[in-house]
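Notes for the structure review
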Amino acid sequence: MPKNSIPKEAAYQIINDELKFDGNPRLNLASFVTTWMEPECDKLMMESINKNSVEMEQYPVTTDLQNRCVNMIARLFNAPLGDGEAAIGVGTVGSSEAVMLAGLAFKRQWQNKRKAQGLPYDKPNIVTGANIQVCLEKFARYFEVELKEVKLREGYYVMDPEKAVEMVDENTICVVAILGSTLTGEFEDVKLLNDLLVEKNKKTGWDTPIHVDAASGGFIAPFLYPELEWDFRLPLVKSINVSGHKYGLVYAGIGWVVWRTKTDLPDELIFNINYLGADQPTFTLNFSKGSSQVIAQYYQLIRLGFEGYRNVMDTCHENMMVLKQGLEKTGRFNIVSKVNGVPLVAFSLKDSSLHNEFEVAEMLRRFGWIIPAYKMPADAEHVTVLRVVIRDDFSRNLAERLVSDFEKVLHELDTLPVRIRAKMANGKVNGVKKTAEEMQREVTSYWKKFVENKKTNKNTITK
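Residues numbered from 1 in each chain as written. Predicted model: local features only at pLDDT ≥ 70, side-chain atom pairs only at ≥ 80, totals over all residues. Heavy atoms only, no water.

1. Regarding the overall build of the protein chain
The condition that has to hold: Only DSSP runs of H or I covering at least 4 residues are called helices, and only runs of E covering at least 2 are called strands; the numbering of each starts at the N terminus. Only protein chains enter the accessibility calculation, which uses a 1.4 Å probe. A residue is then buried if its area is under 20% of the maximum for its type, exposed if over 50%, and partly exposed in between. Pairs of residues are marked as contacts when any of their non-hydrogen atoms sit within 4.5 Å. The method behind every accessible area is Shrake-Rupley, applied with a 1.4 Å probe, and residues are considered shielded solely by the protein chains displayed.
What the protein chain contains, in helices and strands, is 13 helices and 15 strands. Within the span of the protein chain, comprising 463 residues, buried residues form 50% of the whole. Restricting to contacts in the protein chain with at least 6 residues of sequence separation, those with at least 24 account for 69%. Accessible area for the protein chain stands at about 22,900 Å²; split by element, carbon and sulfur atoms hold 52% of it.

Dropping the structure here:
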């Protein structure tokens, strides 16, 4: 901390100057998180930025808005609610917290039942696919639950319901299905999982339930695929989480978890406090939280309505198809993602003998694009993909420009000096055999210098 103060204008300018080196959020196609909202919503958020949403007595209207959001989302997911019946759910800072709250509810339900039956309750496990988001791994490690993962295979990058049900045993607190895999955007077959699990429960006498991680797909499926059965229409689905800050169209910092019925959330997990001025219940991992994102979510729900959300998702899907078809026309990529699911395009190079997906992603940075390249989880680690997430603020024009920039990058990589290709072909540098990893470092270092030299020469000519 500096010893002395500085003028507020100087502090602002120092920080503002540094922030200019961040990437452009609109061109950050790695992220599912919303990067644009209407000015009217921005204004509402700024006007409520100093409200702590946990202080329900002091900010009763904000609390009421949160409850309205929970009720709308639960009904969107077909919760079995009567007229005027309040839904069971809570706002969180994101789907990570939401998943952990749902997991804790399942763990406590399972423990209570095992205790009542006089059975051991010290080895809970959870079954899911290897394509899970890291929040579920955190839950398993932090709350001491064994994580049983269904491995992937090339061409099938989501959890296989049959293999998942095979892994279920008497210690399984729940099976987690993903509606919108982070890797490929694909929806897992929750209906098949439910049907298989119903049969297994009948044979074994267990009552293993399902949690749906709908972080990405929860605000997509009801609008684009209304006939798809993945939610509370299925009897074993007991809880669902969704990210308001993804396709709920709110800036980062809001998630939701809703339960099928009140009995699916154990009372002992709900705390009652009175030191904020009134007796109030709380079931969250954190305590204080800004109210801006809750208010923004309510704004989007009433501003857009069902019609508006459907239009947004339709547009995202159309722009996804424009990008997919443009990439296919280049003849250089294999499309890994499916047409139905989260609007994204995951793809890999047909020929990676001269350059790989990581190099393509790095070169695209020169044009401002932030696009991730990554390897698939076990047992498909040999597959590397690039992924472009299509959000509300990604237009058809941007899709066409991105395809053009891909072509420029591939052309430049194709024209790298022959000597670097020779290195890559025989795996030798100065006559010394290199490992694949060492060769990759050598090649990456070379072409980075090559690109930097071209940029330097261009700037010199311009000056």
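So much for the structure itself; the text now carries on.
2. What about the packing of aromatic side chains?
Heads up, the condition is: Working definition: rings of Phe, Tyr and Trp (its six-membered ring) pair if their centres are within 6.5 Å, and the pair is stacked with planes under 30 degrees apart, edge-to-face with planes over 60 apart, and tilted otherwise. By definition here, charges over rings are those cases where NZ of Lys or CZ of Arg is within 6 Å of the ring centre and within 35 degrees of the ring normal.
In the structure shown here, the tally under the stated rule is ten aromatic pairs. Between W259 and F283, the aromatic rings sit 5.8 Å apart at their centres with planes inclined by 40 degrees, giving tilted as the arrangement. Linking W259 in strand 7 (residues 255–259) with F283 in the loop between strand 9 (280–282) and helix 9 (292–330), this pair joins segments that are 24 residues apart in sequence. Accessibility assignment for this pair places W259 and F283 in one class, buried. Note that K115 overlies the ring of Y121, its terminal NZ or CZ placed 4.9 Å from the centroid. The ring of F32 is capped by K246, whose NZ or CZ atom sits 5.5 Å from the centre of that ring.

3. Re helix 4 (residues 95–116)
Short version of the rule: Residue count minus one, scaled by 1.5 Å, sets the expected span of a helix.
The first and last C-alpha atoms of helix 4 sit 32 Å apart over 22 residues, in line with the 32 Å expected at 1.5 Å per residue. Phi turns positive one or two residues past the end of helix 4, at G118, with a value near 70 degrees.

4. Details of the UniProt feature "modified residue: N6-(pyridoxal phosphate)lysine" (unreviewed entry) in the protein chain
Worth spelling out the cut-off: UniProt positions are given in the numbering used here, feature names are shortened, and annotations may be inferred rather than shown by experiment.
Under the local residue numbering, the UniProt record ascribes the feature "modified residue: N6-(pyridoxal phosphate)lysine" (unreviewed entry) to K246. With respect to the element layout, K246 can be found in the loop between strand 6 (237–243) and strand 7. Among all residues touching K246, those that are not within four sequence positions of it are F32, V33, T34, A215 and S216.

5. Looking at the packing of helix 4 against helix 5 (residues 134–142)
Angle between the axes and distance between the axes are the two parameters that describe a pair of packed helices. Filter applied, for reference: The convention used is that axes are lines fitted to C-alpha atoms, helices contributing only their stretch in contact, and that angles between N-to-C directions extend from 0 to 180 degrees. Should an angle fall under 35 degrees it is called roughly parallel, over 145 degrees roughly antiparallel, and 65 to 115 degrees roughly perpendicular, with every other angle called oblique. Left-handed is the label given to a crossing in which the near helix is rotated counterclockwise from the far helix by less than a right angle, and right-handed is the label when the rotation is clockwise. We call Asp, Glu, Lys and Arg charged. Ala, Val, Leu, Ile, Met, Phe, Trp, Tyr, Cys and Pro are nonpolar, and the rest, Gly among them, are polar.
Viewed as axis vectors pointing N to C, helix 4 and helix 5 meet at an angle of 45 degrees, and their least axial separation amounts to 9 Å. The orientation of helix 4 with respect to helix 5, classified from their angle, is oblique. For the pair helix 4 and helix 5, the sense of crossing is right-handed. Mapping the contact onto sequence places S96, V99, M100, G103 and L104 in helix 4 and C135, L136, K138, F139 and Y142 in helix 5. In terms of residue class, the contact of helix 4 with helix 5 is made up of seven nonpolar, two polar and one charged.

6. Concerning the pairing of strand 4 (residues 172–178)
The cut-off we apply is this: Criterion used throughout: strands pair if DSSP finds at least two bridges between them. Handedness of a crossover is defined as follows: orient the strands so they point away from the viewer, and if the path from the first strand over the helix to the second runs clockwise, the crossover is right-handed.
Counting buried positions over the seven residues of strand 4 gives seven, a clear majority of the element. Note that strand 2 (residues 125–129) and strand 4 share three bridges and pair parallel. When the sheet's bridge partners are listed, V127 is paired in strand 4 with V175. Note that strand 4 and strand 5 (residues 210–213) share four bridges and pair parallel. Note on strand 5: the bridge partner recorded for V176 is H211. Assessed by its sense of winding, the connection that carries the chain from strand 4 through helix 7 (residues 190–204) to strand 5 is right-handed.

7. A short note on the pattern of salt bridges
Condition: The rule for a salt bridge is simple: a side-chain nitrogen of Lys or Arg has to be within 4 Å of a carboxyl oxygen of Asp or Glu.
According to the stated counting rule, one finds 17 salt bridges in the structure shown. Note that K113 is salt-bridged to D207, the shortest N-O span being 3.0 Å. With K113 in helix 4 and D207 in the loop between helix 7 and strand 5, this residue pair connects regions lying 94 residues apart in the sequence. Under the relative-accessibility criterion, K113 is labelled partly exposed at 32%. Put simply, R26, R391 and D393 are held in one network by salt bridges that share partners.

8. Quick look at the sheet that holds strand 13 (residues 384–389)
Spatial ordering of the open sheet is given by 10-11-13-12, a layout of four strands whose pairing is antiparallel. Two strands in the sheet have a free side with no partner beyond their single neighbour: strand 10 (333–335) and strand 12 (373–375). Neighbour-to-neighbour, the strand axes of the sheet open up by a mean angle of 40 degrees, direction not taken into account. Two strands pair when backbone bridges link them, and strand 11 (residues 344–349) and strand 13 are joined in this way by four bridges, in the antiparallel orientation. If you follow L344 over to strand 13, its bridge partner there is V389. The sheet strands contacting helix 9 are strand 10, strand 11 and strand 13, and the helix crosses strand 11 at an angle near 15 degrees.

9. A closer look at the environment of F219
Examined against the element boundaries, F219 turns out to sit in the loop between strand 5 and helix 8 (221–224). Separated by 28 residues in sequence, F219 and Y247 have C-alpha atoms that sit 5.5 Å apart. Leave out the neighbours within four places in its chain, and F219 touches I73, L76, V242, S243, G244, Y247, G248, Q297, L301, Y309 and M313.

10. Observations concerning the pairing of strand 6
Here strand 6 lies mainly inside the structure; six of its seven residues are buried. Here strand 5 runs beside strand 6; their pairing, made up of four bridges, is parallel. Looking across to strand 6, one finds that D213 is bridged to N241. The pairing of strand 6 with strand 7 spans five bridges and is classified as antiparallel. Following the sheet pairing, V242 is matched in strand 7 by W256.

11. Quick notes on the sheet that holds strand 7
A sheet is described by the order of its strands in space; here seven strands give the open sequence 1-7-6-5-4-2-3, paired in mixed fashion. The sheet is open, and its two borders are formed by strand 1 (88–92) and strand 3 (146–150), each paired with just one other strand. Each strand of the sheet is rotated relative to its neighbour by a mean of 20 degrees, with strand direction disregarded. Lying over the sheet, helix 7 contacts strand 4, strand 5 and strand 6, oriented at roughly 170 degrees with respect to strand 5.

12. Looking at unusual backbone geometry
In the segment running from A378 into D379, the intervening peptide bond is cis, with an omega of 0 degrees. With respect to the secondary-structure elements, D379 resides in the loop between strand 12 and strand 13. A positive phi angle, near 60 degrees, is found at N78, a position not held by glycine. Take N78: its relative accessible area is 33%, and that puts it in the partly exposed class. Phi is positive for E144, which is not a glycine, with a value near 55 degrees. Considering the arrangement of structural elements, one finds E144 in the loop between helix 5 and strand 3.

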